[in-house]
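Residues per chain, in single letters:
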Amino acid sequence: MPAQGPGDPWPRGLQRFNTTASEAAEGELLACLADLRWARRLARHRPYPDLAALLAAADEATYDLTPADLTAALAREPRAALPPRGSHSAAHTALTAAHAAYEHRFGHVFVLCLDGFPPEETLDQVLHGIRSRLGNDPEEERVLAAEELRRLARGRITRMLNRHHQAEESQESTDSGHSDSPYVQV
């Protein structure tokens with residue numbers, strides 16, 4: 001595998017992903033976007049020299065989803081989280097109604113990538129997104145939903161590599177006999 005450059009965010013995470021068994025890599029990728037052909041394609045083209053190459057391959061594979069693949073992937077997407085009942089009862093009611101209207105109109109869950117938004121803004125962003133997209137015609141909305149799935153997959157891949165990187169660092173710390181604890185192992 002080529003050497004990692006100084007700008008690569010999680011080289012150990014990528015290295016771990018590149019060297020894991022194909023079935024395990026496919027399983028991890030399915031958690032990023034629930035399409036088996038997409039996951040197999042990305043796993044088959046490993047190793048990736050850097051995060052940018054992996055994300056570019058993911059984008060290309062997402063753009064190549066057939067309408068049936070997209071429908072199936074959208075069917076497997078979880079519904080955006082609702083606020084707990086009672087904590088924001090008006091928001092909960094509005095969001096439940098908006099989700100129901102969206103799903104009735106388009107036949108799939110509403111997807112929206114919220115990467116970059118602070119947690120306190122997510123509820124407003126989801127509600128605004130559903131309301132603004134309810135007026136779209138089905139074909140226009142399908143294109144927007146595919147783009148949001150692509151963005152979601154990119155964020156999930158990046159977080160997956162981050163988890164791998166952290167696991168590698170933790171393993172290294174344990175293997176070297178050093179831990180984050182100020183106490184010495186006996």
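Not measured: the values here are computed from a predicted model.

What's the story with the environment of Ala98 in this structure? I'm lost.
With respect to the secondary-structure elements, Ala98 resides in helix α6 (residues 89–106). Along the chain, Ala98 and Leu134 lie 36 residues apart, while their C-alpha atoms are 8.6 Å from each other. Here Ala98 is in contact with Leu127 and Ile130, once residues within four sequence places are set aside.

What is the right way to read the pattern of salt bridges from this model?
Any two side chains of opposite charge can pair, on the condition that their charged atoms come close. With the rule as written, the count across this model stands at 11 salt bridges. Residue Arg159 pairs with Asp115 through a salt bridge whose shortest N-O separation is 3.1 Å. In this pair, Arg159 is assigned in helix α8 (residues 138–175) and Asp115 in the loop between α6 and α7 (119–133), connecting sequence segments 44 residues apart. Linking Arg150 and Glu147 is a salt bridge whose minimum nitrogen-to-oxygen distance equals 2.5 Å. Of this pair, Arg150 and Glu147 both sit in helix α8, separated by 3 residues, roughly a single helical turn. The class for Arg150 is buried, based on a relative accessible area of 12%. The partly exposed category is assigned to Glu147, whose relative accessible area is 28%. Three or more residues joined by partner-sharing salt bridges are found here, namely Asp59, Glu147, Arg150 and Arg154.

Where do I start with the confidence of the model for the chain in this structure?
Looking at the chain as a whole, the pLDDT averages 85, with 80% of positions reaching at least 70. This model gives residues 178–186 a pLDDT under 50, and the stretch forms 4 contacts once residues within four places in sequence are excluded.

For this particular structure, what's the right way to read the side chain of Asp59?
You can see Asp59 is positioned in helix α4 (residues 51–63). Not counting residues within four places of it along the chain, the set of residues in contact with Asp59 comprises Arg150 and Arg154.

Is there a simple way to explain unusual backbone geometry in this structure?
Residues Arg46 and Pro47 are joined by a peptide bond in cis, for which omega reads 5°. Inspection of the secondary structure puts Pro47 in the loop between α3 (36–44) and α4.

When you look at the nonpolar core in this model, what are you seeing that I'm missing?
Side chains of nonpolar character tend, in soluble globular proteins, to be buried together. With 38 residues, the main nonpolar core has Phe17, Leu29, Trp38 and Ile157 as its most contacted residues. Per-element tally for this core: the top contributor is α8, with 7 residues.

Please clarify how the packing of α6 against α7 should be interpreted in this entry.
Geometry of a packed helix pair, given as the angle between the helix axes and the separation of the axes. Between α6 and α7, the shortest axis-to-axis distance is 10 Å and the interhelical angle comes to 35°. Considering the relative orientation of α6 and α7, their crossing is left-handed. The segment α6 lies against α7, with Ala91, Ala94, Leu95, Ala98, His99, Tyr102 and Phe106 engaging Leu123, Val126, Leu127, Ile130, Arg131 and Arg133. Grouping the amino acids of the contact of α6 with α7 by side-chain chemistry returns 10 nonpolar, 1 polar and 2 charged.

What is the right way to read the packing of aromatic side chains from this model?
Aromatic ring pairs are reported here in terms of the distance separating the ring centres and the angle at which the planes meet. Taken as a whole and assessed by the stated rule, the structure comprises 2 aromatic pairs. Summarising the aromatic geometry, the rings of Tyr102 and Phe106 are spaced 4.8 Å apart at their centres and angled 50° between planes, so their arrangement reads as tilted. In this pair, Tyr102 and Phe106 are both assigned in helix α6, 4 residues apart and thus about one turn of the helix distant. With a centroid separation of 5.2 Å and an interplanar angle of 80°, the aromatic rings of Tyr102 and Phe110 are classed as edge-to-face. What makes Tyr102 buried here is its relative accessible area of 0%. Residue classification places Phe110 among the buried positions, given a relative accessible area of 2%. Pairwise contacts between aromatic rings join Tyr102, Phe106 and Phe110 into one cluster. Taking NZ or CZ as reference, Arg46 lies 5.6 Å from the ring centre of Phe17, over its face.

Reading guide: rules and limits
- Residues numbered from 1 in each chain as written.
- Predicted model: local features only at pLDDT ≥ 70, side-chain atom pairs only at ≥ 80, totals over all residues.
- Heavy atoms only, no water.
- Helix = DSSP H or I, 4+ residues; strand = E, 2+ residues; numbered from the N terminus.
- Contact = heavy atoms within 4.5 Å.
- Salt bridge = Lys/Arg side-chain N within 4 Å of Asp/Glu carboxyl O.
- Buried < 20%, exposed > 50% of the residue type's maximum accessible area, 1.4 Å probe, protein only.
- pLDDT = per-residue confidence, 0-100.
- Core = buried A, V, L, I, M, F, W, Y, C linked by side-chain atoms within 4.5 Å.
- Axes fitted to C-alpha atoms, helices over the stretch in contact; angles between N-to-C directions.
- Left-handed = near helix turned anticlockwise from the far one by under 90°.
- Nonpolar A, V, L, I, M, F, W, Y, C, P; charged D, E, K, R; others polar.
- Phe/Tyr/Trp six-rings, centres within 6.5 Å; stacked < 30°, edge-to-face > 60°.
- Lys NZ or Arg CZ within 6 Å of the ring centre and 35° of its normal.

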